Amino acid sequence: MDKDTIVIIDYGRGNLHSVYNGLLKVGASPVVSGDPKVIAEAPRVILPGVGSFGDCMDTMRSRGLEEAVQEALHSGKPFLGICLGMQCAVIEFARHVLNLADANSSEMEQTPHPVIDLMEEQKGVTAKGGTMRLGAYPCALKKGSKVAAAYGKLNISERHRHRYEFNNDYLEQFEAAGMKAVGVNPDTNLVEVVEIENHPWFVGTQYHPEYKSTVLSPSPLFVAFVKAALAYAEKK
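Residues numbered from 1 in each chain as written. Predicted model: local features only at pLDDT ≥ 70, side-chain atom pairs only at ≥ 80, totals over all residues. Heavy atoms only, no water.

Caption draft 1: Here's a closer look at the overall build of the protein chain. Within the protein chain, the regular secondary structure consists of eight helices and twelve strands. Burial status across the protein chain gives 53% buried among its 236 residues. Sequence separation of at least 24 residues holds for 70% of the intrachain contacts in the protein chain that already meet a minimum separation of 6. Put simply, the protein chain shows about 10300 Å² of open surface, and 49% of that area lies on carbon and sulfur atoms. (Helix = DSSP H or I, 4+ residues; strand = E, 2+ residues; numbered from the N terminus. Buried < 20%, exposed > 50% of the residue type's maximum accessible area, 1.4 Å probe, protein only. Contact = heavy atoms within 4.5 Å. Areas by Shrake-Rupley, 256 points an atom, 1.4 Å probe, with all protein chains shown as cover.)

Caption draft 2: Highlighting the pairing of strand E10 (residues 179–184). Pairing of strand E7 (residues 133–141) with E10, which is carried by two bridges, proceeds in the antiparallel orientation. Bridge pairing in E10 links Leu141 to Gly183. Counted between consecutive antiparallel strands, the loop separating E10 from strand E11 (residues 191–196) contains six residues, among which Asn189 sits at a positive phi close to 65°. (Pairing = 2+ DSSP bridges.)

Caption draft 3: Focus on the sheet that holds strand E5 (residues 104–105). Strands sit in the order E5-E6-E9 across an open sheet of three strands; the sheet is mixed. The open sheet terminates on both sides in strands that have one partner only, identified here as E5 and strand E9 (165–166). Looking at chain direction, strand E6 (residues 114–117) and E9 are connected through two bridges and run antiparallel. Within the sheet, the bridge partner assigned to Asp117 lies in E9 and is Glu165. The strands that helix H5 (residues 84–96) touches are E5, E6 and E9; relative to E6, the one it contacts most, it runs at about 170°. (Axes fitted to C-alpha atoms, helices over the stretch in contact; angles between N-to-C directions.)

Caption draft 4: View of the nonpolar core. Residues Val90, Val115, Phe166, Phe174, Met179 and Val191 are the most contacted members of the largest nonpolar core, which totals 31 residues. Of all the secondary structure elements, the ones that give two or more residues to this core are strand E1 (5–9), strand E3 (45–47), H5, E6, helix H7 (171–177), E10 and E11. Considering each element in turn, this core owes the most residues, seven residues, to H5. Ile6, Leu23, Ala148 and Tyr151 belong to the second-largest nonpolar core, a separate cluster that totals 27 residues. (Core = buried A, V, L, I, M, F, W, Y, C linked by side-chain atoms within 4.5 Å.)

Caption draft 5: Representation of the packing of aromatic side chains. Taken as a whole, this structure holds four aromatic pairs when the rule is applied. Taking 5.7 Å as the distance between ring centres and 20° as the angle between the ring planes, the aromatic pair formed by Phe93 and Phe174 counts as stacked. On the criterion of sequence distance, the pair formed by Phe93 in helix H5 and Phe174 in helix H7 is long-range, its members being 81 residues apart. Of the two residues, Phe93 and Phe174, both sit in the buried class. Among the aromatic residues, those joined into a ring-pair cluster are Phe93, Phe166 and Phe174. (Phe/Tyr/Trp six-rings, centres within 6.5 Å; stacked < 30°, edge-to-face > 60°.)

Caption draft 6: Representation of the sheet that holds E3 in the model. Taken in spatial order, the nine strands of this open sheet run E2-E1-E3-E4-E12-E11-E10-E7-E8, and their pairing is mixed. Each edge of the sheet is formed by a strand with only one pairing partner; in this case those strands are strand E2 (29–33) and strand E8 (155–162). On average, each strand axis in the sheet is tilted by 30° relative to the strand beside it, whichever way the strands run. The pairing of E7 with E8 spans eight bridges and is antiparallel. Bridge pairing in E8 places Cys139 opposite Ile156.

Caption draft 7: Looking closely at the pattern of salt bridges. With the rule as written, the count across this model stands at one salt bridge. For Glu92, the salt bridge goes to Arg95, with nearest N and O atoms at 3.8 Å. In this pair, Glu92 and Arg95 are both assigned in helix H5, three residues apart and thus about one turn of the helix distant. (Salt bridge = Lys/Arg side-chain N within 4 Å of Asp/Glu carboxyl O.)

Right, dumping it as structure tokens:
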């Protein structure tokens, strides 16, 4: 596989085309694949978002794709998880680093460790549309983080399309183990961006950077990811 290739993980329901086109706009060489062997050999990977979490995880398990996320977590290869992709990364970190074997999203199952969950005020809402977080929301970035360096500022606004959130009840455990919340909503304190410290470039965003990315103004996050990918390739 070419050292410049970026593999977008295809689990059957992700927002593949928007991410693919967003990477093309910054001159990258993306490939969409659901083949575990191709993903394992990829020098850098993106796990895109949008879709039912339960369907996503069922498909990833049936295709042997969970290991691809674990491998990126531990290998040092650049990784970008978007929306559902961030949530999958959070769950894998909880299971394999925090040793919370039953960690999951409450969208998937009832679990003693719902590291991804509905906000408390959403739990009584029966109409699903009423629990969706849609549109642009502010995000305060942590100074010194990779994502702050990518944007070149500490306050941004990005678009969302999701229902479940990072469960802040577990935030202290995650941060103590190395997964840091480096972007939060300043009004609700919801986690918007996570990074793994001491990893060359592992970023998960609850928002969708591809929604605002254009040819003339590509997402700073995509630009930073491609730069990290090239730097990683040069070292190999």
